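Commentary on secondary and tertiary structure
Chain residues, written in single-letter form:
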Amino acid sequence: MVWQRNIVVKTDEEIEIMREAGQINVLALNTIRSMIRPGVTTAELDEAAEGIIRDHGGVPTFKGYPGPYPFPATLTISVNEALVHGIPSGYELRSGDIVSVDCGTTYHGLIADSAFTVGVGEISRDAQQLLDITEKALYIGIEQMHAGKRIGDISAAIQQFAEGHGYNVPREYSGHGVGRQMHEAPQVPNYGRAGRGLVLRPGITLAIEPMLLVGTFRTRVLPDQWTVVSADGSLTAHFEHTVAVTKNGPLILTPLEEVVDGRKKG
Ligand code: MG
Ligand code: MG
C-alpha cells in the first residue's frame, strides 16, 4: 500500500517529547473538564485552554489548521449531535448537554492529540451509556496496539465493540498517525477488518479516536464548514488518546489521570 511508505517511525527521544506535549495537553483538558458546567460558554473554555498550553511552552496545534479556512480556535468543542470539529462560540452549555472537547498541543515540534466527552449537569441514562461505551471503545482499540498487530485489528475491535452495543461509527472521520504532523499516515478508521493494513512496530505513534453515533453512521458538515454533525441529529461521542507502540506494548502519551498541575492525582 502506498501509504505504508510514508510511515514515520519515532525515536525514543521523539516519543519522550510527545509525552511532554501530552502532559500539557492533558493539563489543558483536565482544566477544561473542571470548568464544564451549565452557563459556561465554549469560547471561555477555549480561551482557558490556549492560556494553559502557551504558559507551558506549547503551541495550540489546531489554531490555524488548514481546512475550508484556517481553524480559528485551540479546541474543537462539539455538543450533542456535533461529532467533531465544532468551533468554540458564545454558546452557553446547558444541563443535559454532552460536550466533546478535542485538543492538540505542539511542543518542541512534536504533537499530542486527545479528546474526551462529558455530560453537563444531569444527563440522561442513554447519554451516559453512550459516553461509557465510547470511552471503553478507546481502550479496546488501544489494547490492540502491540508490535506485529495490524491497523485493521484496531479498527475491527472498535467497530465490533461499538456495533455490539447498538451504536454506529462514522466512515469519513478516522484516527491517524501523529508526530511532527497532526495527521500523518496511516489512517486508523473506526471500522475495518482484522488482519488487514499496516503491521505495527515500535516507534509508530497513533491517535486512536473512536467516534460513536446513536443513530445513523452518516454525517454532514454545518454551514460553518467545520462542524461535523450526525445526519439524523442523534447524539454522538468521541474519545481520543495519542499512543506509541513500544516493545512492551501500547504506551498512552496523553493519560488523563496523570497530570493535574504537574502532580499525579492522589
Ligand atoms: Mg483530536
Ligand atoms: Mg486526532
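Above this note sits the structure.
To start, this report covers the structure provided alongside it. Since we're looking at a predicted model, the values are computed, not measured. Position numbers for residues start from 1 in each chain and track the written sequence from start to end. Just so you know, chain letters begin at A and ligand numbers begin at 1, following the order they were written in. In keeping with the model being predicted, local features are shown solely for residues with a pLDDT of at least 70 and side-chain atom pairs are shown and tallied solely at 80 or more, while totals for entire chains, interfaces and linings include all residues. In computing side-chain properties, one takes all heavy atoms of the structure into account and sets aside hydrogens as well as water.

**Examining unusual backbone geometry**
In this chain, Ala-185 is followed by Pro-186 through a cis amide linkage whose omega measures -5°. The phi dihedral of His-85 falls on the positive side, at around 70°, and the residue is not glycine. Per the convention used, a helix needs a DSSP run of H or I reaching at least four residues, while a strand needs a run of E reaching at least two, with both numbered from the N terminus. As for its position among the elements, His-85 is in the loop between strand E3 (82-84) and strand E4 (98-107). Even without glycine at this site, His-108 takes up a positive phi of about 50°. Tracing the chain through its elements places His-108 in the loop between E4 and strand E5 (110-119). When its relative accessible area of 59% is taken as the criterion, His-108 is described as exposed. Exposed residues in this analysis have more than 50% of their type's maximum accessible area, buried residues have under 20%, and partly exposed residues fall in between, with area computed by a 1.4 Å probe over protein chains only.

**Side note on the nonpolar core**
Within the largest apolar cluster, 40 residues are counted, with the highest numbers of intra-cluster contacts made by Ile-36, Val-99, Ile-154, Leu-206 and Ile-208. The element contributing the most residues to this core is helix H1 (residues 12-35), with 6 residues. Aside from chain neighbours lying at most four places away, what touches Ile-36 is Leu-45, Leu-93, Val-99, Val-101, Phe-116, Val-118, Gly-119 and Val-120. Put simply, a nonpolar core is a bunch of buried Ala, Val, Leu, Ile, Met, Phe, Trp, Tyr and Cys residues held in one set by side-chain atoms that sit within 4.5 Å of each other. The criterion used for residue contact is that any of the two residues' heavy atoms lie within 4.5 Å.

**Focus: the side chain of Thr-105**
Mapping Thr-105 onto the fold places it in strand E4. Classification of Thr-105 as buried rests on a relative accessible area of 0%.

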